[in-house]
Amino acid sequence: MRLFIAIRLNDEIRSELAEIQSFLRNRGVSGNFTKLENLHLTLAFIGEYADPENVLEAMRGVPFAPFSIWLKGFGSFGDLYWRRIGENETLSAYVKRLRRALAESGIPFDRKKFSPHITLIRRASFDKNRGFPGVSAPDASMEVDRVSLMRSDRAKSGMVYTEIGQVSGLKEEELR
Ligand code: 2AM
């Protein structure tokens, strides 16, 4: 199965992001817009791997305490258009430890430098004469209280992401 580790976003943040997507669509941007339910922040992309329990075990070994992330501005890698996550030492330190734990457990993952972003549009295209529309969106913050192991499946309707496990800073009894 195809796996990745991610921070899932709350409803408020996802609807803010969906509004930004609509704004861009209405200004003539086309492409593959991430569906609202699929919006997330990837921490490590594992890819094809048959043993999710081993991944969860590695995730459980990394200390986690809730922290905040800030969504600030936008950026692009080629035709991938995304919402930027502000500088965040807590997040970077967590991802470093998480990736070290994966490596120590022999779990493969994409070793590209961690550039925290939330993909809004893949294969974005726009009228070159008009340029990419400027977007002004206020910074937004979200409390991160868990990290999820996600499975990605390709369906007729597009990608389907399913949470198959999680680690949380909360105690068992607080989760209920
Ligand atoms: P992206 O949004 O920048 O494409 C599921 O595919 C998630 O894993 C996406 O958030 C994707 O990031 C991320 N990802 C990171 N490295 C990847 C890779 N090598 N192949 C596919 N997805 C990758």
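Everything below is about the structure printed above this text.
Computed from a predicted structure; not experimentally measured.

### Considering the overall build of the protein
Helices and strands together make up the secondary structure of the protein, namely 4 helices and 9 strands. Secondary structure elements of the protein occur, N-terminal to C-terminal, as β-α-β-β-α-β-β-α-β-β-β-β-α. By its C-alpha atoms, the protein is 50 × 30 × 30 Å across when sized along the principal axes. Summarising the internal contacts of the protein: among those between residues at least 6 apart in sequence, 75% fall at separations of at least 24. As displayed, the protein offers around 10,000 Å² of accessible surface, 47% of which is attributable to carbon and sulfur atoms. Side-chain charges of the protein comprise 27 positive and 23 negative groups, with the mean position of each set lying 7 Å from the other.

### Thoughts on the sheet that holds strand β9 (residues 158-168)
Across the sheet, which stays open at both edges, the 4 strands sit in the order β3-β1-β8-β9 with antiparallel pairing between neighbours. Every other strand in the sheet has two partners, leaving β3 (40-48) and β9 as the edge strands with one partner each. Neighbouring strand axes in the sheet, compared pairwise and without regard to direction, differ in orientation by 25° on average. Contacting β1 (2-8), β3, β8 (146-155) and β9, helix α3 (residues 89-104) runs over the sheet at an angle of about 10° to β3.

### Focus on the layout of surface pockets
Of the voids in this model, the largest pocket is the one considered here, and its volume is about 860 Å³. What lines the largest pocket is a set of 31 residues, among which H40, T42, F45, T119 and R122 lie closest to the centre. Within the residue set of the lining of the largest pocket, elements represented by two or more residues are β1, β2 (30-33), β3, β6 (117-125), β8 and β9. When residues in the lining of the largest pocket are grouped by element, the largest group, 5 residues, is from β3. Residues of the lining of the largest pocket, tallied by class, amount to 11 nonpolar, 11 polar and 9 charged. Volume-wise, the second largest pocket comes out at about 410 Å³. As for the second largest pocket, its lining consists of 18 residues, of which S92, K113, F114, S115 and P116 are closest to the centre. Elements represented by at least two residues in the lining of the second largest pocket include exactly β5 (80-85) and α3.

### Things to note about the site of the ligand
By nearness alone, every residue bordering the ligand is listed as R2, F4, H40, T42, F45, L80, D110, H117, T119, R122 and Y161. A distance of 2.7 Å separates a nitrogen atom of the ligand from a polar atom in the side chain of D110. Between the ligand and H117, the relevant distance is 2.6 Å, taken from an oxygen atom to a side-chain nitrogen or oxygen of the residue. Look at the ligand: alone it shows 470 Å² of surface, and the protein chains cover 73% of it. In a pocket analysis with a 2 Å cut-off to the grid points, the ligand is assigned to the largest pocket. Those elements giving two or more residues to the shell around the ligand turn out to be β1, β3 and β6. Of the residues assigned to the shell around the ligand, the class counts are 4 nonpolar, 4 polar and 3 charged.

### Notes on the pattern of salt bridges
Counted by the stated rule, this structure contains 7 salt bridges. In this structure, E163 engages R146 in a salt bridge whose closest nitrogen and oxygen atoms are separated by 3.2 Å. With a gap of 17 residues between them, E163 in strand β9 and R146 in strand β8 connect regions that are remote in the sequence. By relative accessible area, E163 is classed as partly exposed at 25%. Relative accessible area serves as the criterion here: at 28%, R146 is assigned to the partly exposed category. Here the salt bridges do not stand alone but share partners, grouping R8, R146 and E163 into one network.

Conventions adopted
- Starting afresh in each chain, residues are numbered from 1 along the sequence in its written order.
- The predicted nature of this model means local features are confined to residues of pLDDT at least 70 and side-chain atom pairs, given and counted, to a pLDDT of 80 or more, with totals for whole chains, interfaces and linings taken over all residues.
- Note that water and hydrogens are dropped before the side-chain values are worked out from all heavy atoms of the structure.
- Secondary structure counts use DSSP, requiring at least four H or I residues in a row for a helix and at least two E residues in a row for a strand, with both numbered from the N terminus.
- A contact between two residues is defined here by any heavy atoms of the two lying within 4.5 Å.
- For accessible areas, the Shrake-Rupley method is used with a probe of radius 1.4 Å. Any residue's cover is judged against the shown protein chains and nothing else.
- Only four residue types enter the charge count, namely Lys and Arg as positive and Asp and Glu as negative; His and the chain termini do not.
- Charge positions come from single atoms, namely NZ of Lys, CZ of Arg, CG of Asp or CD of Glu.
- Strands are labelled as partners when DSSP assigns at least two bridges between them.
- With axes taken as lines fitted to C-alpha atoms, and helix axes fitted only over the stretch in contact, angles between N-to-C directions fall between 0 and 180 degrees.
- Buried and open spaces are told apart on a 1 Å grid over the protein atoms alone, a cavity being a set of points where a 1.4 Å probe fits but cannot get out and a pocket being an open set with protein on both sides within 12 Å along at least five of seven lines. Residues with an atom within 4 Å of a point are the lining residues.
- Grid points are joined across faces, edges and corners, and a volume is the space filled by probe spheres set on the points.
- Under the grouping applied here, Gly and all other residues not named as nonpolar or charged are polar, the nonpolar ones being Ala, Val, Leu, Ile, Met, Phe, Trp, Tyr, Cys and Pro and the charged ones Asp, Glu, Lys and Arg.
- Residues are classed as near a molecule or strand on a simple rule: at least one heavy atom within 4 Å of it.
- Pairs of N or O atoms are called polar contacts if they sit within 3.5 Å, as long as, within protein, a hydrogen donor faces a hydrogen acceptor (for residues adjacent in sequence, only side-chain-to-side-chain pairs).
- If over half the atoms of a molecule are within 2 Å of the grid points of a cavity or pocket, the molecule is regarded as sitting in it.
- By definition here, a salt bridge exists when the distance from a side-chain nitrogen of Lys or Arg to a carboxyl oxygen of Asp or Glu is within 4 Å.
- Buried, partly exposed and exposed residues are distinguished by accessible area as a fraction of the type maximum, computed with a 1.4 Å probe on protein chains only: under 20%, between the cut-offs, and over 50%, respectively.

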